[in-house]
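# Structure assessment
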There are 2 protein chains.
Amino acid sequence: MSTASPEKQMLLLTRCCSFLKALPQRLAAKAFEIAASTKKLAQDDPRRVTHSAKVGVALSLVSLVYYYQPLYVNFGVSAMWAVVTVVVVFEFSVGATLGKGLNRGLATLLAGALGVGAHHLASLCGQIGEPILLGIFVFLQATTSTFVRFFPKIKARYDYGLLIFILTFSLISVSGFRDDEILELAHKRLSTIIIGASACVIISILICPVWAGEDLHNLIALNMEKLANFLEGFGGEYFKTSEDGEGNDHHDKLFLKEYKNVLNSKSTEESLANFASWEPCHGQFQFRHPWKQYLQIGALTRECAYRIDALSSYLNSDVQASPEIRSKIQEACTEMSLECGKALKELSSAVRTMSQQSSADRHVSNSKAAAGNLESVLRSGLFEDADDLLAVIPAATVASLLIDVVGCTERIRDAVNELASVANFESVKPKAVLPEQSLLEDVKPVSEIECPHVVVRVGGPTSGSPENYTRRPEPLTGNKQAEM
Amino acid sequence: MSTASPEKQMLLLTRCCSFLKALPQRLAAKAFEIAASTKKLAQDDPRRVTHSAKVGVALSLVSLVYYYQPLYVNFGVSAMWAVVTVVVVFEFSVGATLGKGLNRGLATLLAGALGVGAHHLASLCGQIGEPILLGIFVFLQATTSTFVRFFPKIKARYDYGLLIFILTFSLISVSGFRDDEILELAHKRLSTIIIGASACVIISILICPVWAGEDLHNLIALNMEKLANFLEGFGGEYFKTSEDGEGNDHHDKLFLKEYKNVLNSKSTEESLANFASWEPCHGQFQFRHPWKQYLQIGALTRECAYRIDALSSYLNSDVQASPEIRSKIQEACTEMSLECGKALKELSSAVRTMSQQSSADRHVSNSKAAAGNLESVLRSGLFEDADDLLAVIPAATVASLLIDVVGCTERIRDAVNELASVANFESVKPKAVLPEQSLLEDVKPVSEIECPHVVVRVGGPTSGSPENYTRRPEPLTGNKQAEM
């Protein structure tokens, strides 16, 4: 509306100048930032670089269909479907690529056949009836298939196949209205898709393969290890607090934060297990490796992580038990936490090396024994001098959560043992055991190591029958409910 | 090797007969099962049926390009891209459809232009050099774009765009080797894609639109309500146990299990927030509605759910505190749990109705006051007659976890208040308030209702300065770490 005053114009000009002057610097900073994050992304998982190059190779190879005269004569414009297939089907892991490739190939075959049938049926209805009937077919087919995609089980494994089913049926039946060589069209589409998908699968398997199953296997082991790291460090951190006073700073310690990734690992685990089920046998894994059992271990690990999340809030909390009380439970709690951590680490390495390790059983027994010790400490009435019960509560909660963690660890051990028996883990694998570990290893069978007499007793004297004292592992079906 | 004996053959035959006899029954049972699950799927969310029909309508409409002569003359075989676009782009929610449509359109435009450029550049290199240079271009482009897809931020929003970028660039530059009318090809591909994408977006918005933003909004409110239901029922369930003895059965109660869905809601919330950010303004939501704030509320709700998961293990645990002790903390704990539940229910309805409700503040204050009462109960030394401290531990843990839940509830309240101020929730919305609720509502401003003097004190007498007694809400940055 009103023109700016000369001062304002001057100011605007100066700002523009300073902005332009700073621009190269800012751009350089931004470029540096992008370069740094690119480098980090590549270093975090070098397979990303390989995968990118593999996609490039596959795409260049498939383009040969265009460049090489004899091939082009065969397929013509349909050669483009090979290019499309490579771009769409090539996924990071072999399992995902195979799953998508098979889905795409089979769906094209099926939908192509149905599309040709629909076209023939419609062409019987004359010039006017044909487009109407075709429209009705397309509508019905698309509506039904889209609805079927909502079934959870089908969505997990065949979602892409149904998408391609809708696509191919519509393309073939509708194109047929204009193109009389509909059979040839369907045939060309199918063969180019097979060429593209085969190129993807072959390159994906032959050049630095990324197996989803292996990733799942390592993820499950890693998640257990993260919890183990927390538990091994927890005792020291929690009981250090009281001695060092307010100067404690847990925020820098990585092992106290790592476990947070475990809390939200469900969707990653499920998709990896889905991809893994498409994969052929590879490395140590058979064709029908029990991937579902990994999901069960993952669910139990997550349950344990929830308890650990509750525990961790007592590390950083301003509310702390008095030092005397903490010093009384220190030994038993540190022992419980440490032994659970060791057990989880053993289980993690058992899964990682696919060997049956009996030392995890001993650590679980030790942690249960420590829980028993805690009980006797509490029972011995050492607390009677604590005139304020309030001061006991944070310590009691930590102890109780740790007892929960012991229960979780035991259930994880059972799940890992089940996996070991279903997947035929080797019973002894001396190579994978480090010298100091092998010293700890003794020759007693598991049943002897485990002390069935040590039960976790934290119930009150009024709890009734002795069975009530034992903290029974929850039935595994209850765990499935957690996964709904 | 050896022929079976006549008895065995007879047995086999009998079995075959009985199998064939039972077959119709089995098939009927299977069909009935499928019909039942289909009906349930449709009843659970009737929008699924509408969505399926919408896809059918869009596909039939786009097929018109083939049937209607003037349109077909323009596009020819390229009309198929419109069909492909509809099948691939049409997603359940408006946001996802819009996001995919925009990604596809823009990526095609950009990659088409680059592909035409690459083709011209390559054609300068003569008959032999052209395919080699094109191959190099395709390889470089595919490798770079595939790697860029690994950047988490880009993956979240532009993954599909990059896929289409690779696809179109390869198609245009490679097809150009055979087809001289490359500009026309690029132009046709772009216009048919625009036709397909527009059909999807228009039908998706006009016919029974499914807004991802609305879904996220409702999901966040629902999750809070699920936790509220648990907390409102928890007191009664936990303290009922001791009176009814061993006959208690919590397994049938829905409200004690519902919260488990909240534990794993992260990925759903994130994808809904991503879709919502593509959506135009609709209903009560502005164009730049603060969807990220919903994610923060969701993260805090999940943190609270982790505590509730720890709490719930004390419901079904065989280890229970003695009835005397439980009866002593019963009043305060039930009050805390109930008030937290009420507060969460108020917050949930505040989010749902997009109104600022002050009664949540009162419930939070009440729950903090109840925590204070618990403190004085504990301080009053009522426990001195409990000769066994062990009997106290489960009760103390429940109390402590409930105090944690109070803290979580307070943080959720703060996050909801922040959302209310950022998204300009209406301060009073009398219509949405039920009669009995409006009776509870009083006219005091929030600052008066809140009692800043009631702080949760559970620290021991040695904890030092009075500030240490207050359970400070954790900084929100700490919460972000939980989301890494």
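Everything quoted here is computed from the prediction, not taken from an experiment.

Reading the values: the criteria
- Sequence order as written defines residue numbering, which begins from 1 separately in each chain.
- Following the order in which they are written, the chains are lettered starting with A and the ligands numbered starting with 1.
- The predicted nature of this model means local features are confined to residues of pLDDT at least 70 and side-chain atom pairs, given and counted, to a pLDDT of 80 or more, with totals for whole chains, interfaces and linings taken over all residues.
- Excluded from the side-chain calculation are hydrogens and water; included are all heavy atoms of the structure.
- Secondary structure counts use DSSP, requiring at least four H or I residues in a row for a helix and at least two E residues in a row for a strand, with both numbered from the N terminus.
- Burial classes: relative accessible area under 20% of the type maximum marks a residue as buried, over 50% as exposed, and values in between as partly exposed (1.4 Å probe, protein chains only).
- We call two residues in contact when some of their heavy atoms are within 4.5 Å.
- Throughout, the Shrake-Rupley method with a 1.4 Å probe supplies accessible areas, and for residues the shown protein chains are the sole cover considered.
- Pairs of N or O atoms are called polar contacts if they sit within 3.5 Å, as long as, within protein, a hydrogen donor faces a hydrogen acceptor (for residues adjacent in sequence, only side-chain-to-side-chain pairs).
- Helix axes are fitted only over the stretch in contact, all axes being lines through C-alpha atoms; the angle between N-to-C directions runs from 0 to 180 degrees.
- Left-handed describes a crossing whose near helix is turned anticlockwise from the far helix through less than a right angle; right-handed describes the clockwise counterpart.
- Three residue categories are used. Nonpolar comprises Ala, Val, Leu, Ile, Met, Phe, Trp, Tyr, Cys and Pro, charged comprises Asp, Glu, Lys and Arg, and polar comprises the others, including Gly.
- The aromatic pairing rule takes the rings of Phe, Tyr and Trp, using the six-membered ring of Trp, and pairs them if the centres are within 6.5 Å, calling planes under 30 degrees apart stacked, those over 60 edge-to-face and the rest tilted.
- The rule for a charge over a ring is simple: NZ of Lys or CZ of Arg within 6 Å of the ring centre, and within 35 degrees of the ring normal.
- By definition here, a helix of n residues has an expected span of 1.5 Å times n minus one.
- The criterion is simple. A nonpolar core is a set of buried Ala, Val, Leu, Ile, Met, Phe, Trp, Tyr and Cys residues joined through side-chain atoms within 4.5 Å.
- A residue counts toward a patch only above 30% relative accessible area and without a salt bridge, and it is joined to like-charged neighbours within 9 Å or, for Val, Leu, Ile, Met, Phe, Trp and Tyr, to nonpolar neighbours within 5 Å.
- Salt bridge, as applied in this entry: a Lys or Arg side-chain nitrogen positioned within 4 Å of an Asp or Glu carboxyl oxygen.
- These descriptions rest on fixed angle ranges, namely under 35 degrees for roughly parallel, over 145 for roughly antiparallel, 65 to 115 for roughly perpendicular, and the rest for oblique.
- Every residue gets a pLDDT, meaning the predictor's confidence in that residue, from 0 to 100.
- When the sulfur atoms of two cysteines come within 2.5 Å, that pair is taken as a disulfide.

## Details of the overall build of chain A
Each helix and strand in chain A was counted, giving 18 helices and zero strands. In chain A, which comprises 484 residues, the proportion classed as buried is 53%. Considering only contacts within chain A whose residues lie at least 6 apart along the sequence, 80% involve residues at least 24 apart. For chain A, the computed accessible surface area is about 22,400 Å², with 63% contributed by carbon and sulfur atoms.

## So, unusual backbone geometry
Most of the time, phi is negative for any residue but glycine, and the peptide bond is trans. Its identity is not glycine, yet Asn 424 of chain A carries a phi of approximately 55°, on the positive side. Structurally, Asn 424 of chain A can be placed in the loop between helix H15 (393–422) and helix H16 (435–440).

## What about the side chain of His 289 of chain A?
Residue and element names in this part refer to chain A. One can find His 289 in the loop between helix H11 (266–276) and helix H12 (291–316). Among the polar contacts listed, one links the side chain of His 289 to the side chain of Tyr 294, at a separation of 3.0 Å. Discounting chain neighbours no more than four positions away, the residues touching His 289 are Tyr 294, Met 354 and Ala 423.

## Side note on the packing of helix H5 (residues 94–123) of chain A against helix H6 (residues 126–148) of chain A
Residues and elements named next belong to chain A. Running from amino to carboxyl end, H5 crosses H6 at an angle of 145°, the nearest separation of the two axes being 8 Å. For the pair H5 and H6, the sense of crossing is right-handed. For the pair H5 and H6, the contacting residues are Ala 118, His 119, Leu 121, Ala 122 and Ser 123 in the first and Gly 126, Glu 130, Leu 133, Leu 134 and Phe 137 in the second. When its residues are assigned to classes, the contact of H5 with H6 shows six nonpolar, three polar and one charged.

## Things to note about the packing of aromatic side chains
Describing an aromatic ring pair means giving the distance of the ring centres and the angle of the ring planes. Taken as a whole, this structure holds 20 aromatic pairs over all chains when the rule is applied. Here Tyr 158 of chain A and Trp 278 of chain A contribute two aromatic rings whose centre-to-centre distance is 6.2 Å and whose plane-to-plane angle is 85°, an arrangement assigned as edge-to-face. Here Tyr 158 of chain A is found in helix H7 (residues 152–175), whereas its partner Trp 278 of chain A is found in the loop between H11 and H12, with 120 residues between them in sequence. Arranged with centres 6.3 Å apart and planes meeting at 65°, the rings of Phe 147 of chain B and Phe 150 of chain B form a pair that is edge-to-face. We note that Phe 147 of chain B, like Phe 150 of chain B, is buried. Ring-pair connections join several aromatic residues into one group, and the members of that group are Phe 92 of chain A together with Phe 147, Phe 150 and Phe 151 of chain B. Sitting over the ring of Trp 278 of chain A, Arg 157 of chain A keeps its end group 4.4 Å from the ring centre.

## Some words on H12 of chain A
Over its 26 residues, H12 of chain A extends 37 Å from the first C-alpha to the last, a length consistent with the 38 Å expected when each residue adds 1.5 Å. Along H12 of chain A, 23 of the 26 residues are buried, which leaves the element largely enclosed by surrounding structure.

## Observations regarding the nonpolar core
Ranked by size, the top nonpolar core spans 133 residues in total, and within it Phe 230, Leu 374 and Ile 412 of chain A together with Phe 230, Leu 374 and Ile 412 of chain B carry the most contacts. Among the nonpolar cores identified, the runner-up in size contains 80 residues, and Val 86, Ala 142 and Tyr 160 of chain A together with Ala 58 of chain B belong to it.

## Thoughts on a nonpolar patch on the surface
All names here are of chain A. On the surface, a cluster of nonpolar side chains totalling about 520 Å² of accessible area is made up of Val 57, Leu 61, Leu 64, Ile 202, Leu 206 and Ile 207. At the level of secondary structure, the elements contributing two or more residues to the nonpolar patch comprise helix H2 (47–67) and helix H8 (182–206). Ranked by the residues each element gives to the nonpolar patch, the list is headed by H2, at three residues.

## Overview of the packing of helix H12 (residues 291–316) of chain B against helix H15 (residues 393–422) of chain B
Residues and elements named next belong to chain B. As a packed pair, H12 and H15 sit with axes 9 Å apart at the nearest point and diverge in direction by 170°. Classified by the angle their axes make, H12 and H15 are roughly antiparallel. Taken together, the residues of the contact of H12 with H15 sort by class into 18 nonpolar, three polar and five charged.

## Regarding the pattern of salt bridges
Here the structure, examined in full by the defined rule, presents 40 salt bridges over all chains. Asp 44 of chain B serves as the salt-bridge partner of Lys 40 of chain B, at 2.9 Å between the closest nitrogen and oxygen. Of this pair, Lys 40 of chain B and Asp 44 of chain B both sit in helix H1 (residues 6–44), four residues apart, roughly one helical turn. Ionic pairing is found between Asp 361 of chain B and Arg 413 of chain B, a salt bridge with its closest N-O pair at 2.8 Å. You can see Asp 361 of chain B sitting in helix H14 (residues 359–379) and its partner Arg 413 of chain B sitting in helix H15, a full 52 residues away along the chain. Judged by its relative accessible area of 4%, Arg 413 of chain B falls in the buried class. When salt bridges with common partners are traced through the structure, they connect Asp 361, Lys 368, Glu 410, Arg 413 and Asp 414 of chain A into a single cluster.

## Let's talk about the confidence of the model for chain A
All names here are of chain A. The pLDDT averaged across chain A works out to 79; a share of 80% of its residues lies at or above 70. Low confidence marks residues 429–484, where pLDDT is under 50. Its contacts with residues over four positions away, or in another chain, come to 78 contacts. For this predicted complex, the interface confidence reaches an ipTM of 0.78, while the overall pTM sits at 0.78.

## Details of the side chain of His 217 of chain B
Residue and element names in this part refer to chain B. Looking at the element boundaries, His 217 is found in helix H9 (residues 212–244). A relative accessible area of 2% means that His 217 is categorised as buried. For His 217, the side chain forms a polar contact with the side chain of Tyr 294, separated by 2.7 Å. Apart from residues lying up to four places away in sequence, His 217 is in contact with Phe 285, Tyr 294, Val 351, Arg 352 and Met 354.

## Side note on the state of the cysteines
All names here are of chain A. What the rule picks out here adds up to zero disulfides over all chains. Here Cys 208 is not disulfide-linked; the sulfur of Cys 200 is the nearest cysteine sulfur, at 16 Å. Among the cysteines around Cys 333, which has no disulfide bond, Cys 340 carries the closest sulfur, lying 11 Å off. With a relative accessible area of 1%, Cys 333 lands in the buried category.

## Topic: the environment of Val 416 of chain A
Residues and elements named next belong to chain A. With respect to the helices and strands, Val 416 occurs in helix H15. The class of Val 416 is buried, set by a relative accessible area of 2%. The sequence separation of Val 416 and Leu 61 amounts to 355 residues, and the corresponding C-alpha distance is 44 Å. When neighbours within four sequence positions are excluded, Val 416 is seen to be in contact with Met 224, Ile 297, Leu 347 and Val 351.

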